[in-house]
Amino acid sequence: MRTERIVFAVAAAAAVAHLVDHLIVGVKMDLQFEGVLAFGAVTVLAALAYPRLPWQLQALGSIALGLGWLVGDFVLHALPTIRDGPQSTDYTGLGATVAGGLLIGVGIAAALRGRAAARPVTHARGQTA
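Residues numbered from 1 in each chain as written. Predicted model: local features only at pLDDT ≥ 70, side-chain atom pairs only at ≥ 80, totals over all residues. Heavy atoms only, no water.

### What to know about helix 1 (residues 2-25)
Between the first and last C-alpha of helix 1 there are 35 Å, a value that for 24 residues agrees with the 34 Å anticipated at 1.5 Å per step. Listed in full, the buried residues belonging to helix 1 are Glu4, Phe8, Ala11, Ala12, Ala15, His18, Leu19, Asp21 and His22. Packed against the buried residues of helix 1 are helix 2 (31-49), helix 3 (55-84) and helix 4 (90-118). Phi for Gly26, located one or two positions after helix 1, is positive at around 95°. (Helix = DSSP H or I, 4+ residues; strand = E, 2+ residues; numbered from the N terminus. Expected span 1.5 Å × (residues − 1). Buried < 20%, exposed > 50% of the residue type's maximum accessible area, 1.4 Å probe, protein only. Contact = heavy atoms within 4.5 Å.)

### Section: the nonpolar core
Residues Phe8, Tyr50, Leu65, Trp69 and Leu103 are the most contacted members of the largest nonpolar core, which totals 15 residues. The biggest single contributor to this core is helix 4, with 5 residues. Setting aside anything within four residues of it in sequence, one finds Trp69 in contact with Ala15, Leu19, Val36, Phe39, Gly40, Thr43, Phe74, Ala96, Thr97, Gly100 and Leu103. (Core = buried A, V, L, I, M, F, W, Y, C linked by side-chain atoms within 4.5 Å.)

### Remarks on the packing of aromatic side chains
For the coordinates displayed, the defined rule picks out 2 aromatic pairs. Ring centres of Phe8 and Tyr50 lie 5.2 Å apart, and the angle between their planes is 40°; on these two criteria the pair is classed as tilted. Taken together, the residues span a long stretch of sequence, with Phe8 in helix 1 and Tyr50 in the loop between helix 2 and helix 3 at a distance of 42 residues. For the pair shown, Phe8 and Tyr50 are each scored as buried. An angle of 50° between the planes, with centres 5.3 Å apart, marks the rings of Phe39 and Trp69 as tilted. Of the two residues, Phe39 is situated in helix 2 and Trp69 in helix 3; the sequence distance between them amounts to 30 residues. (Phe/Tyr/Trp six-rings, centres within 6.5 Å; stacked < 30°, edge-to-face > 60°.)

Here's what the structure looks like:
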């Protein structure tokens, strides 16, 4: 659980660093970017609340947030970097893409941990405790 919290916090920090990079460079404030800012705020709140959430919400929330960062930043930063070379915010965008993968990994770890804890403990010859 401690490792999950650390990885989640690092991934959230990478996503926030990318958003701050966009704000420093200057970005057209439109509905799409405001939605991404809100998504970033949800990511930070989830990182702060992570230890207090039930494992099911830890798993589902981490995977959902991870997919959002992974797919969004892959399309908006990784592919254009491959195609045209890096632009001003593409380096932190690549970091946010990796952060999405880390969040998905955290979600999978939370799901496996929760399922293992939910199984009844068995002793020799299949007897339950």
